[in-house]
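Summary of structural features
As a plain string of letters, each chain reads:
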Amino acid sequence: QVQLVESGGGLVQAGASLRLSCAASGRTFSRYGAGWFRQAPGKEREFVAGIRWNGGSTDYADSVKARFTISRDNAKNTVYLQMNSLKPEDTAVYYCAATNSGTYYYRDADYAYWGQGTQVTVSS
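Read on for an overview of the structure. The shown structure was predicted, so the numbers you read here are calculated from the model rather than taken from an experiment.

**Observations concerning the nonpolar core**
Judged by nonpolar contacts, the single largest core of 31 residues is most densely connected at L4, W36, L81, M83 and Y94. Sorting the residues of this core by element identifies β3 (18–25), β4 (34–39), β5 (46–51), β7 (68–73), β8 (78–83), β9 (92–98) and β11 (118–123) as the ones contributing at least two each. With five residues, the next largest nonpolar core counts F37, F47, A97 and Y111 among its residues.

So this is what it looks like as structure tokens:
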């Protein structure tokens, strides 16, 4: 069993940066792929970024490429999302998720474990 806890959200102005953290419990987390998703009010939850168990492969939604970076520190059982040049359209609840395989996926249905979410609000 893996439990995930996100932190690092907040209210920032457009152009600012935030770093989200996702702390995991469970010895097996380091073997699992992980992803960040977000859900804005009135919209469906969407894929933001994914990372393989060893960090060897990552991918991003087109809307965040070149601005967001996903990384992980398996020694700390933590996944990060560095968000730069934030825009008002990035406003959403951000969720960390883990698969029970070594890779990440683009559909939220393919993830076995979820955090409670952290709010990111970007003002114009």
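**A look at the side chain of R72**
As for its position among the elements, R72 is in strand β7. D73 provides the closest opposite charge to the buried, unpaired R72, separated from it by 8.4 Å. Among the polar contacts listed, one links the side chain of R72 to the backbone oxygen of Y32, at a separation of 2.7 Å. Within the structure, R72 has its side chain in polar contact with the backbone oxygen of W53 (distance 3.3 Å).

**Quick word on the state of the cysteines**
Applying the stated criterion to the full structure yields one disulfide. Paired through a disulfide, C22 and C96 show a sulfur-sulfur distance of 2.1 Å. Here C22 and C96 share a disulfide; its torsion about the S-S bond, -80°, makes the bridge left-handed. With C22 in strand β3 and C96 in strand β9, this pair connects stretches of sequence that are 74 residues apart. You'll find C22 and C96 in the same group, each marked buried.

**Things to note about the sheet that holds β3**
The sheet built from four strands is open, its strands ordered β1-β3-β8-β7 with antiparallel pairing. Both outer strands of the open sheet, β1 (3–7) and β7, are each paired with one neighbouring strand and no more. Taking each pair of neighbouring strands and ignoring which way they run, the sheet shows an average axis angle of 15°. As defined by bridge partners, β7 adjoins β8 across six bridges and the pair is classed as antiparallel. Residue pairing in the sheet places T69 in a bridge with Q82 of β8.

**Thoughts on the packing of aromatic side chains**
Scanning all chains against the criterion turns up nine aromatic pairs. Between the aromatic rings of Y104 and Y106, the centroid separation amounts to 5.9 Å while the plane-to-plane angle is 85°, which identifies the pairing as edge-to-face. Residue classification places Y106 among the partly exposed residues on the basis of a relative accessible area of 48%. Residues Y105 and Y111 carry aromatic rings whose centres are separated by 6.5 Å and whose planes lie at 85° to one another, so their mutual orientation is edge-to-face. These aromatic residues form a ring-pair network of at least three members: F37, F47, Y95, Y104, Y105, Y106, Y111 and W114. Sitting above the plane of the W114 ring, R45 keeps its charged end 3.9 Å from the centroid. Directly above the ring of F29 sits R72, whose terminal nitrogen or CZ lies 5.0 Å from the centroid.

**Quick notes on unusual backbone geometry**
Glycine aside, negative phi is the norm for most residues, and most peptide bonds take the trans geometry. In this structure, A66 takes a positive phi of about 75° despite not being glycine. Relative to the helices and strands, A66 resides in the loop between β6 (58–60) and β7. The phi dihedral of N77 falls on the positive side, at around 55°, and the residue is not glycine. With respect to the helices, strands and loops of the structure, N77 is situated in the loop between β7 and β8. Note on N77: relative accessible area 17%, which makes it buried.

Parameters and conventions
- Residues numbered from 1 in each chain as written.
- Predicted model: local features only at pLDDT ≥ 70, side-chain atom pairs only at ≥ 80, totals over all residues.
- Heavy atoms only, no water.
- Core = buried A, V, L, I, M, F, W, Y, C linked by side-chain atoms within 4.5 Å.
- Buried < 20%, exposed > 50% of the residue type's maximum accessible area, 1.4 Å probe, protein only.
- Helix = DSSP H or I, 4+ residues; strand = E, 2+ residues; numbered from the N terminus.
- Lys, Arg positive; Asp, Glu negative; His and termini not counted.
- Salt bridge = Lys/Arg side-chain N within 4 Å of Asp/Glu carboxyl O.
- Polar contact = N/O pair within 3.5 Å; in protein donor to acceptor, adjacent residues only side chain to side chain.
- Disulfide = S-S within 2.5 Å.
- Pairing = 2+ DSSP bridges.
- Axes fitted to C-alpha atoms, helices over the stretch in contact; angles between N-to-C directions.
- Phe/Tyr/Trp six-rings, centres within 6.5 Å; stacked < 30°, edge-to-face > 60°.
- Lys NZ or Arg CZ within 6 Å of the ring centre and 35° of its normal.

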